[in-house]
Amino acid sequence: CIRDRLEITHLQQKKTKIKMISYFTWREFDKSVEQIANKCRFKEFSGIYGVPRGGLCLAVALSHKLKIELISEPIKNSLIVDDVYETGITLTTFKNIEGAMFFVLFSKIKPTWWNTVHVTKKSQWIVFPWENTLNSKSDREEYIKKRGLS
């Protein structure tokens, strides 16, 4: 379960509404990239498109992992990725692209025509590692250690 793996805190918002905040780590991001790559490994894509801005980090990581060219706009048979599927407004604009495959890291509803790694509650707010400045020092140290650069 995603909640077991994510550090969770609570933030009180407006009157009695409480929103759950989950911190998604670089390690979890790397595992998610691996999961998506495994599902896409034997498919032929014309390129990978990351929906700005949330999908860009995922698109770059998958581009390296799958050796697929990054493209500046989605085209026929492309892999289209984003960080979160919440209302569907963003991905739906690309839904009719012939042969396209869609992946998000988090979906706040059960996927139908798109794929996801994690399903979360609508009330959950995800803080991605590239947004979490509090962990920048430990992220840098882990990056250096992981790549043997120390």
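Residues numbered from 1 in each chain as written. Predicted model: local features only at pLDDT ≥ 70, side-chain atom pairs only at ≥ 80, totals over all residues. Heavy atoms only, no water.

Looking at the overall build of the chain
Then step 1. Helix and strand content of the chain: five helices and seven strands.
Then step 2. Along the chain, helices and strands appear, N-terminal first, in the series α-β-β-α-β-α-β-α-β-β-β-α.
Then step 3. Contacts in the chain between residues at least 24 apart in sequence constitute 46% of all its contacts with a sequence separation of at least 6. (Helix = DSSP H or I, 4+ residues; strand = E, 2+ residues; numbered from the N terminus. Contact = heavy atoms within 4.5 Å.)

Let's talk about the pattern of salt bridges
Then step 1. Following the criterion strictly, the structure yields five salt bridges and no others.
Then step 2. Taking the shortest distance from any N to any O, the salt bridge between Arg-41 and Glu-34 comes out at 3.6 Å.
Then step 3. Among the ionic pairs, Lys-76 bridges to Glu-98, the shortest N-O distance being 3.6 Å. Taken together, the residues span a long stretch of sequence, with Lys-76 in the loop between helix H3 (56-66) and strand S4 (79-85) and Glu-98 in the loop between helix H4 (89-92) and strand S5 (101-107) at a distance of 22 residues.
Then step 4. On the basis of relative accessibility, which here comes to 48%, the residue Lys-76 falls in the partly exposed class.
Then step 5. Owing to a relative accessible area of 53%, Glu-98 belongs among the exposed residues under this scheme.
Then step 6. Residues joined in a network through salt bridges with shared partners are Glu-34, Arg-41 and Lys-65. (Salt bridge = Lys/Arg side-chain N within 4 Å of Asp/Glu carboxyl O. Buried < 20%, exposed > 50% of the residue type's maximum accessible area, 1.4 Å probe, protein only.)

Considerations on the nonpolar core
Then step 1. Of all hydrophobic cores here, the largest spans 23 residues; its most connected members are Ile-36, Cys-40, Leu-58, Leu-62, Leu-79, Val-81 and Leu-105.
Then step 2. Taken together, the elements giving at least two residues each to this core come down to helix H2 (26-40), H3, S4 and S5.
Then step 3. Aside from chain neighbours lying at most four places away, what touches Leu-58 is Phe-29, Val-33, Ile-36, Val-81, Asp-82 and Leu-105.
Then step 4. In this structure, Ile-71, Tyr-85, Leu-91 and Trp-114 belong to the second largest nonpolar core, which totals 11 residues. (Core = buried A, V, L, I, M, F, W, Y, C linked by side-chain atoms within 4.5 Å.)

Digging into the packing of H2 against H3
Then step 1. Direction vectors running N to C along H2 and H3 enclose 55°, while the axes themselves pass 10 Å from each other. Of the possible angle classes, the one that applies to H2 and H3 is oblique. Handedness of the H2/H3 crossing: right-handed. Residues Phe-29, Val-33, Glu-34, Ile-36, Ala-37 and Cys-40 of H2 pack against Cys-57, Leu-58, Ala-61, Leu-62, Lys-65 and Leu-66 of H3.
Then step 2. Residues of the contact of H2 with H3, tallied by class, amount to 10 nonpolar, no polar and two charged. (Axes fitted to C-alpha atoms, helices over the stretch in contact; angles between N-to-C directions. Parallel < 35°, antiparallel > 145°, perpendicular 65-115°, else oblique. Left-handed = near helix turned anticlockwise from the far one by under 90°. Nonpolar A, V, L, I, M, F, W, Y, C, P; charged D, E, K, R; others polar.)

The quantities given are spatial measurements derived from coordinates; they are silent on function.
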